[in-house]
Amino acid sequence: YWDFELLSSMRERFRTIKDIAAERNLIMKKGLQDNDGDRKDASHLVGKKILDSDKSIDHFYFNDRSCSIFRKDKIHRPRTPEIYKAPYVLFKKGLDCADYSIKAVYVGEDFLYRETINCIKGSEADKNVLLNLCGLLNSSLFSYFNLMLGSSAGIEREQVFLEELADYPYTYSDELVELVQEMQ
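Here's what I pulled together on the structure shown here. (Residues numbered from 1 in each chain as written. Predicted model: local features only at pLDDT ≥ 70, side-chain atom pairs only at ≥ 80, totals over all residues. Heavy atoms only, no water.)

Membership of the largest hydrophobic core comes to 35 residues, with the highest contact counts inside it found for Phe91, Leu137 and Leu165. The leading source of residues in this core is helix 3 (residues 127–138), at seven residues. Excluding residues within four positions of it along the chain, Leu137 makes contact with Val89, Phe91, Ile102, Ala104, Ile120, Phe142 and Leu165. Counting residues in hydrophobic clusters, the runner-up holds 22 residues, among them Ile50, Phe70, Tyr84 and Tyr88. (Core = buried A, V, L, I, M, F, W, Y, C linked by side-chain atoms within 4.5 Å. Buried < 20%, exposed > 50% of the residue type's maximum accessible area, 1.4 Å probe, protein only. Helix = DSSP H or I, 4+ residues; strand = E, 2+ residues; numbered from the N terminus. Contact = heavy atoms within 4.5 Å.)

Tallied over the entire structure, the rule returns nine salt bridges. For Lys40, the salt bridge goes to Asp38, with nearest N and O atoms at 4.0 Å. A relative accessible area of 36% places Lys40 in the partly exposed class. Salt bridges sharing partners connect three or more residues here, namely Asp36, Arg39 and Lys72. (Salt bridge = Lys/Arg side-chain N within 4 Å of Asp/Glu carboxyl O.)

Here we take up a negative patch on the surface. Taken together, the side chains of Asp174, Glu175, Glu178 and Glu182 define an acidic patch exposed on the protein surface. Its place among the elements puts Glu175 in helix 6 (residues 174–183). (Patch = residues over 30% accessible without salt bridge, like charges linked within 9 Å, V, L, I, M, F, W, Y side chains within 5 Å. Areas by Shrake-Rupley, 256 points an atom, 1.4 Å probe, with all protein chains shown as cover. Lys, Arg positive; Asp, Glu negative; His and termini not counted. Charge placed at Lys NZ, Arg CZ, Asp CG, Glu CD.)

Set out below in structure tokens:
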């Protein structure tokens, strides 16, 4: 019962990630699906760097060398090209099973990424908001949200869904922004 009261109170007192995304025109999307499927045109993506979903992202860590060159000109879901333009927070769809946390990192360089990686994309003017979101996503508080509000955590496939994440409470902290900058 205490969890219900706490979460209800937070939802009343705090804005959501969806609210800040709408206010700042942030884009929340998942990456491309590079199987053949519908065979949609992806020629505009050929020759760009695509991240290795397993090795490129961890908590506050980005391995920019863990990538390859994208070579398929027809894929199932290429998504809108703007989501591959930095800056953004990239985070894995799958949760860290040890503590149900999200592995997120702020990235200031352009990359392609597959659907197992999600993004919250902004502009250079949004850098501090994105750094703040990176800190929140990696936090133990958001691990708690994943368990209490997420439909998947602790059930079968530990993952976070963008639609659910958008409804998580949001707050901004300059101190958190500074900590994230120091860690990255």
